[in-house]
Amino acid sequence: MEQQRNGCPREYTIAAMRHDTRVTRAISTQETLTFHGLGGVGHRDARGYRRGMHVLVTGGAGFVGSAVVARLVERGHRVRVLDALLPAVHPETTCGPPGAEFRLGDVRDATVVESALDGVDVVCHQAAMVGLGLDLEDAPDYVGCNDLGTAVLLSAMARKRVTDLVLAGSMVVYGEGRYLCSRHGAVAPGPRARADLDAGRFEPPCPHCGRPLISALVGEDAPLDPRNVYAASKVAQEHLAAAWARASGGRALVLRYHNVYGPGMPKDTPYAGVASLFRSALARGEAPRVFEDGAQRRDFVHVTDVAGANMAAIDAVGELPEGSVRRYNVGSGTVRTIGEMAAALAGAWGGPAPVVTGEYRLGDVRHITADSARLRRELGWRARTPFEEGVRAFAREPLRGE
Ligand SMILES: NC(=O)c1ccc[n+]([C@@H]2O[C@H](COP(=O)([O-])OP(=O)(O)OC[C@H]3O[C@@H](n4cnc5c(N)ncnc54)[C@H](O)[C@@H]3O)[C@@H](O)[C@H]2O)c1
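Quantities reported herein were computed from a predicted structural model and do not represent experimental measurements. Counting from 1, residues in each chain are numbered in the order their sequence is written. In keeping with the model being predicted, local features are shown solely for residues with a pLDDT of at least 70 and side-chain atom pairs are shown and tallied solely at 80 or more, while totals for entire chains, interfaces and linings include all residues.

Focus: the overall build of the chain
In step 1: Looking only at helices and strands, one finds 12 helices and 18 strands in the chain.
In step 2: Here a residue counts as buried when 20 or more other C-beta atoms fall within 10 Å of its C-beta, as exposed when 12 or fewer do, and as partly exposed in between; the C-beta atoms come from the backbone. Each of the 402 residues in the chain was classed as buried or not, and the buried ones make up 50%.
In step 3: Any two residues are considered in contact once their C-beta atoms, placed from the backbone, lie within 7 Å. Partitioning the contacts of the chain with sequence separation of at least 6, the portion at a separation of at least 24 is 78%. Helix and strand definitions here come from DSSP, where helices need a minimum of 4 consecutive H or I residues and strands a minimum of 2 consecutive E residues; each element is numbered from the N-terminal end.

Right, here's the structure in full:
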């Protein structure tokens, strides 16, 4: 199937469509000119950054993955992308981010994955189906892409003796997160009841006395309590990585991202984040529709800061003890509500004010906010994009598929 894909050189297209590794490698040889000619396991520069590693980024054509690839290429790493270009999030075809070797392929396919691991020092595993999805009909695909895909990748890594993994985790693993009750201290409320949500009672009460709660920041050691299929699949990914590290002597560094926003976000689909849904509504000339009462607390972190966290993780993962896993929250440190995000975007766009609808999605949590102190303390990472600045720019930047 020789088919021109938008904006890609014909040969590149053919290589990707056929999964023909020989042709892809030939193309990548030309592209290594842009990799600064480096190879091997890398070295550190005067600022302590690792350079010259060969990094496989799964899902590297996606929103976060392509920002990670851009930073890796900028740093002089050699980058290979493995991405299935899922139609749900890639309405237009693409040849992957520039400066990297691109392989069109699925992480559930052991042959493709094993070949993609050739010569690789570190894997940065971003590939996943994201978001709440449509309904339970999506569940097999979530579990297939996220968990079977991770298991296939990890077993291939063990076979090929690739020992270092950076895994894109998510705050969704915590469920409702951490709350404080004036009488019972720290408590973990259960899932919100449909009857409460129907009646507009969105705040989860204390599970012991029913008093109102105050939401608090969640640390990495908080218990995991996934509330939807996607969240369950992200928890399983982490457990698989831990089992792989123990059994193979590998090292895994998990970055639990908060709500990521910024340029290149897929435009509104059931798999897109809330910032993209609001931004897409504004582009259609419509008001952003804010569910519940808009007071849900989140931490919106800019995609360039998440890419920066991945750089820090790729630098650090090789220093972890063999057989271990270390987890880090990745948030901006600034708590905002969903309503505030909608209002800030509408203001920056110059569009209609948000409408608060009172609708809800059963799998959503009320408040979840991260404590990213561990990432700052241990890896020296800082979120650098203030909310106002990031949102102002996001209002004008293209979404993927626009
Ligand atoms: N965007 C967020 O707010 C957010 C928050 C927390 C965690 N995450 C995690 O970050 C990672 C990247 O998410 P994103 O927002 O960039 O999503 P995205 O949908 O833009 O990117 C994911 C990429 O993975 C690819 N992919 C999916 N299944 C695949 C498979 N089976 N084989 C090969 N490629 C496959 C898709 O084609 C896509 O290009 C995911 O692991 C996600 O769980 C994202």
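Some details on the nonpolar core
In step 1: Working definition: the nonpolar core is a set of buried Ala, Val, Leu, Ile, Met, Phe, Trp, Tyr and Cys residues, joined through C-beta atoms within 7 Å. In this structure, Val166, Ala241, Leu255, Val306 and Ala313 are the most contacted members of the largest nonpolar core, which totals 105 residues.
In step 2: The leading source of residues in this core is helix H9 (residues 303-316), at nine residues.
In step 3: Ignoring sequence-local partners within four residues, the contact set of alanine 241 consists of Leu154, Leu165, Leu167, Ala252, Val254 and Val325.

Quick look at the sheet that holds strand E8 (residues 178-181)
In step 1: Strand order in this open sheet of three strands is E9-E8-E10, and the pairing throughout is antiparallel. With partners counted over all chains shown, the strands left at the sheet margins are strand E9 (185-187) and strand E10 (214-216), one partner each. Taken pair by pair, the neighbouring strands of this sheet meet at an average axis angle of 40°, ignoring direction.
In step 2: Should DSSP find at least two bridges between two strands, the strands are regarded as paired. Bridge analysis of E8 against E9 gives three bridges, and the strand direction is antiparallel. In the strand pairing of E9, cysteine 181 is matched with glycine 185. For helices, the fitted axis covers only the stretch in contact; all axes are lines through C-alpha atoms, and the angles between them, taken along N-to-C directions, range from 0 to 180 degrees.

A word on helix H12 (residues 387-394)
In step 1: For H12, the set of buried residues is Phe387, Gly390, Val391 and Phe394. For H12, the angular spread of buried residues about the axis comes to 95°, placing them on one side. Turned more than 90 degrees away from the buried face of H12 sit Glu388 and Glu389, all of them exposed.
In step 2: In the core, the buried residues of H12 are packed alongside strand E12 (259-261), helix H8 (274-283), strand E15 (300-302), strand E17 (336-337) and helix H10 (338-349). The reported arc concerns the directions from the helix axis to the C-beta atoms and nothing else.

Describing the site of the ligand
In step 1: Gly59, Gly62, Phe63, Ala84 and Ala128 are the nearest of the 31 residues found near the ligand.
In step 2: Of all elements in the fold, only helix H3 (63-74), helix H5 (139-160), strand E7 (164-170) and E12 reach the threshold of two or more residues within the shell around the ligand.
In step 3: Ranked by residues supplied to the shell around the ligand, first place goes to H3 with three residues.
In step 4: Across the shell around the ligand, the residue classes break down as 17 nonpolar, 10 polar and four charged. Being near a molecule or strand means, for a residue, that its C-beta atom, positioned from the backbone, comes within 6 Å of it. Ten residue types, Ala, Val, Leu, Ile, Met, Phe, Trp, Tyr, Cys and Pro, are classed as nonpolar, four, Asp, Glu, Lys and Arg, as charged, and the remainder, Gly among them, as polar.

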